[in-house]
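Structural overview
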Amino acid sequence: MAEVIKYRNYAKWRTASLIGVYCLFLAHFLHWKFNDRTLAPLELNEVLFTIHQGIITAGFILMFLVMVATLIFGRFFCSWGCHILALQDGCAWILKKLRIKPRVIRSRLLLWIPFGAVFYLFIWPQILMMIHGVEVEALHIVSADARGGWSSFTTDNLWRNLPPVEIALSTFFICCFLLVYLMGSRSFCYYGCPYGAVFGLADQVAPARIALVGNCIQCGTCTANCSSDILVHKEIKEFGMVTSSRCLKDLDCIANCPEQALEVKFKKPPLFRKKFRLPQNNTRYSFTLGEDVSMLVVFIVTLVVYRGLYDAVPFLMSVGIAIASAYVSILCYRMWKKMSVKVTGVTLKISNRISRSGWAFMAIALLFYGFTAHSGYVHYHNYVGQVHYNTILHQQNNAEHTPATLVESSLHHFETALQAGFFKPLDLRKQMASLYLLQGKRAQAAQQLLAIIAADPIHVEALYRHGVMLLENGDRVGAKTQFITATAIPNEDMRNQRDFYMRGAAAFELGKIYEQEGQVSSALEQYSNAHLDDPNYIEPLVAQGALYMKSGQADRALVCFEQGLLLDSSLVLIHNNLAAIYAQRGNHPKAIAHYEKVVQSMPVNTGIRYNLGMLYYKERQLQEARRHLEIALQTAPNNEKIRQAYLMVVQEASTVP
């Protein structure tokens, strides 16, 4: 009787693992909703904040752990824990159920795109920082109490670095479904994912390999069941193990081997072997070299057009669009040059006749490339306007004169982009408002800010800036309304750290209005909120301390001023107020120390000199008292109070032996 082969079903375990990833996402989201604070997003893209800003994030720790695991066990994470691959495999499964089998598309040049993405995301910004002399921050941990949820490990804003839901879903559709349909299973992993490129390099030093442990009859079943397009049977024959960095260790080859001849074993890593790659087989490429070069050109152009288009398209989504665009361009070329063309089992052209599906495909392609051309026009004007705008900001920051022509040019390009575009980015309107203010066109600036608020009623910066304009125009009631609206926006609706800064600025302005109206408690509350939103914002601390002093709450005023001193030890107003408080409390040495700081900046201030003279007199330092009173008298020779104090000190000093 023939022996019954028992196949091992790893697919069910892997499916459960990938479903578990999304269950963890849901649990994480619910925990945030019910508790307001939760673990920071475990997103690999948060590695960027560690590399460029030095903040050790939860995403960086996840990346570090995955890298260590990959260096030992290979790319298990990609197949068993990546939510993007889960969607790609899910799409492949759906297509299989629909009896649609996408053909695997192989390109010799598109394989380098992930490495280009790694350079663009992780290395190029570092080069720019070095060129511009920006110091790279050392690794550090941000306090969990930092406002805005930008702490390393916990946050009150789970969506802090994630795109809007509609953009996330569009990215998933393009990268996980469209590319799988057009170019085969896991195409985004190999042609677009920067993290896959990094893990692929790490895989080459990993000792854990799928290796031969029995008798291989070269039946090719392992290759047929490999979703990563690896010639498993050939690698097993040549090296006794799988060496390809494309291997994601989903273990389907092991599960389906009829001889049960494959297992995961520790072997000498491929990188340390003299020969660790199969000879190139040009027959496996899906394109000629010319077609590959053309695809790369189309990819680059499309990527430039869609990257950041309308301030909405994120990098990975633009990469997915560009890959699809590059492949579709070759299909269009082949429909023009070749007699027959197919895509994923659909006949577009046969015997030199275009089918109905082919005409539909051409219509969709024409619409897409038309939209791309229009987007390129819009993006060009937005880019040039942005370059001029950044130049203007640089000149303002360095107190340089800004030519009026530069402002006009930036506005012209922004206005063209706004009028021609299908969408009206709010940041574009915000920048236009700034330029209009530079030109003194306050009505146009207000119009842009109101348009932002109409489209996004909780746009913190627009509310704040419009409130400031109303206040400058004397409309305190209208300004107060805008500031109240801005300060009432909850933390979970803050999009980034700048929103918190703007809400803090609005709270400070609102506090000043309340103080003018005599609402002391409300003013103090807003000053406190302003400092919480921006801990480096010193003005609210000073205003809060001054109001505490007026209210007779010297202890609280002292705390505010001491905190302010930690932020800026050179601020004269803080030293003056602290000196006054310590003088009232009889702590003359501390009062003298702070008044001396004030005198350094205001050497001819009569009142400060008089106060210092009297404090030194009380401390029996008569020579110092005489020196300060003498300077005060020289500044105000007709001040009788200073004259009497000076004569008293001189007389008493003369009696001291």
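Residues numbered from 1 in each chain as written. Predicted model: local features only at pLDDT ≥ 70, side-chain atom pairs only at ≥ 80, totals over all residues. Heavy atoms only, no water.

Re empty space enclosed by the protein
Any empty space left between atoms is shown by rolling a water-sized probe over those atoms. Taken as a whole, this structure holds 4 cavities of 30 Å³ or more when the rule is applied. For the lining of the largest cavity, the elements supplying multiple residues, two or more each, are α10 (221–224) and α11 (232–239). Along the lines of polarity and charge, the residues of the lining of the largest cavity split into 9 nonpolar, 5 polar and 1 charged. (1 Å grid on protein atoms, 1.4 Å probe; cavity = no way out; pocket = protein on both sides within 12 Å on 5 of 7 lines; lining within 4 Å. Points joined across faces, edges and corners; volume = space filled by probe spheres on them. Helix = DSSP H or I, 4+ residues; strand = E, 2+ residues; numbered from the N terminus. Nonpolar A, V, L, I, M, F, W, Y, C, P; charged D, E, K, R; others polar.)

Details of the side chain of Glu-461
Examined against the element boundaries, Glu-461 turns out to sit in helix α19 (residues 460–472). Residue Glu-461 is classed as buried on the basis of its relative accessible area of 4%. Only 2.8 Å separates the side chain of Glu-461 from the side chain of Arg-498, close enough to count as a polar contact. (Buried < 20%, exposed > 50% of the residue type's maximum accessible area, 1.4 Å probe, protein only. Polar contact = N/O pair within 3.5 Å; in protein donor to acceptor, adjacent residues only side chain to side chain.)

Section: the packing of aromatic side chains
Applying the stated rule across the entire model yields 19 aromatic pairs. Here the aromatic rings of Phe-371 and Phe-422 are separated by 6.0 Å at their centres, their planes lie at 10 degrees, and the arrangement is stacked. Highlighted residues: Phe-371 in helix α15 (residues 356–397) and Phe-422 in the loop between α16 (404–420) and α17 (426–438), separated in sequence by 51 residues. Taking 6.2 Å as the distance between ring centres and 40 degrees as the angle between the ring planes, the aromatic pair formed by Tyr-464 and Phe-483 counts as tilted. Note that Tyr-464 is positioned in helix α19 and Phe-483 in helix α20 (residues 476–487), a separation of 19 residues in sequence. (Phe/Tyr/Trp six-rings, centres within 6.5 Å; stacked < 30°, edge-to-face > 60°.)

With respect to helix α23 (residues 538–550)
Spanning 13 residues, α23 covers 19 Å between terminal C-alpha atoms, matching the ideal 18 Å at 1.5 Å per step. Turning to α23, its buried residues number three or more, namely Ile-538, Pro-540, Leu-541, Val-542, Ala-543, Gln-544, Gly-545, Leu-547 and Tyr-548. In this structure, the buried residues of α23 make contact with α21 (497–516), α22 (520–533), α24 (554–567) and α25 (572–584). Where α23 terminates, the next one or two residues include Gly-552, which has phi positive at roughly 80 degrees. (Expected span 1.5 Å × (residues − 1). Contact = heavy atoms within 4.5 Å.)

Observations concerning the packing of α20 against α21
Any two packed helices are characterised by the angle at which their axes cross and by the distance between the axes. Relative to each other, α20 and α21 sit at 135 degrees, their axes nearing to 9 Å. Looking at the two axes, α20 sits oblique to α21. For the element pair α20 and α21, the recorded crossing hand is left-handed. On α21, the residues touching Arg-476, Lys-480, Phe-483, Ile-484, Ala-486 and Thr-487 of α20 are Arg-503, Ala-506, Ala-507, Glu-509, Leu-510, Ile-513, Tyr-514 and Gln-516. Each residue belonging to the contact of α20 with α21 can be placed in one class, and the counts come to 8 nonpolar, 2 polar and 4 charged. (Axes fitted to C-alpha atoms, helices over the stretch in contact; angles between N-to-C directions. Parallel < 35°, antiparallel > 145°, perpendicular 65-115°, else oblique. Left-handed = near helix turned anticlockwise from the far one by under 90°.)

Description of the pairing of strand β6 (residues 346–350)
Of the strand pairs in this sheet, strand β5 (residues 341–343) and β6 are connected by 3 bridges, and their pairing is antiparallel. From the neighbouring strand, Val-343 faces β6, where its bridge partner is Val-346. The hairpin formed by β5 and β6 contains 2 residues between the paired strands, and Thr-344 there has a positive phi angle of roughly 50 degrees. Remark: 2 residues form the turn of the hairpin made by β6 and strand β7 (residues 353–354), two consecutive strands paired antiparallel; Ser-351 in that turn has positive phi of roughly 50 degrees. (Pairing = 2+ DSSP bridges.)

Observations regarding unusual backbone geometry
A negative phi holds for most residues other than glycine; trans holds for most peptide bonds. Even without glycine at this site, Leu-251 takes up a positive phi of about 70 degrees. Within the fold, Leu-251 resides in the loop between α11 and α12 (252–256). With a phi angle near 50 degrees, Ser-351 is a residue other than glycine that sits in the positive phi range. Tracing the backbone shows Ser-351 in the loop between β6 and β7.

Quick look at the pairing of strand β3 (residues 208–212)
The two faces of a sheet get side chains in turn, since along a regular strand they alternate between them. Burial within β3 is extensive, with 4 of its 5 residues counted as buried. In this sheet, strand β4 (residues 262–266) lies alongside β3 in antiparallel orientation, the contact comprising 5 bridges. Considered in β4, the bridge of Arg-209 is made with Lys-265.

Concerning the pattern of salt bridges
According to the stated counting rule, one finds 20 salt bridges in the structure shown. We note a salt bridge from Asp-292 to Arg-108, for which the minimum N-O separation is 3.0 Å. Taken as a pair, Asp-292 in helix α13 (residues 289–306) and Arg-108 in the loop between α5 (83–97) and α6 (113–131) lie far apart in primary sequence, 184 residues in all. Note on Arg-108: relative accessible area 21%, which makes it partly exposed. For Arg-627, the salt bridge is made with Glu-624, and the minimal N-O distance between the two is 2.8 Å. In this pair, Arg-627 and Glu-624 are both assigned in helix α28 (residues 622–635), 3 residues apart and thus about one turn of the helix distant. Residue Glu-624 is classed as partly exposed on the basis of its relative accessible area, which comes to 27%. Salt bridges sharing partners connect three or more residues here, namely Asp-427, Lys-430, Glu-461, Arg-465 and Arg-498. (Salt bridge = Lys/Arg side-chain N within 4 Å of Asp/Glu carboxyl O.)

What about the sheet that holds β7?
Read from one edge to the other, the open sheet built from 3 strands follows the order β5-β6-β7, with strand pairing classed as antiparallel. One side of each edge strand has no neighbouring strand; the edge strands of this open sheet are β5 and β7. The sheet contacts of α15 involve β6 and β7, and relative to β6 the element is tilted by about 95 degrees.

Observations regarding the nonpolar core
Of all hydrophobic cores here, the largest spans 93 residues; its most connected members are Met-432, Leu-435, Phe-483, Phe-561, Ile-574 and Leu-578. In terms of residues, this core owes the most to one element, α21, which gives 9 residues. Not counting chain neighbours up to four residues away, the residues in contact with Leu-578 comprise Leu-558, Phe-561, Glu-562, Leu-565 and His-594. In this structure, Val-66, Ile-113, Leu-121 and Val-343 belong to the second largest nonpolar core, which totals 54 residues. (Core = buried A, V, L, I, M, F, W, Y, C linked by side-chain atoms within 4.5 Å.)

Things to note about α16
Spanning 17 residues, α16 covers 24 Å between terminal C-alpha atoms, matching the ideal 24 Å at 1.5 Å per step. Residues of α16 that are buried: Leu-406, Val-407, Ser-410, Leu-411, His-413, Phe-414, Thr-416, Ala-417 and Leu-418. Looking at the buried residues of α16, the elements they touch are α15, α17 and α18 (442–455).

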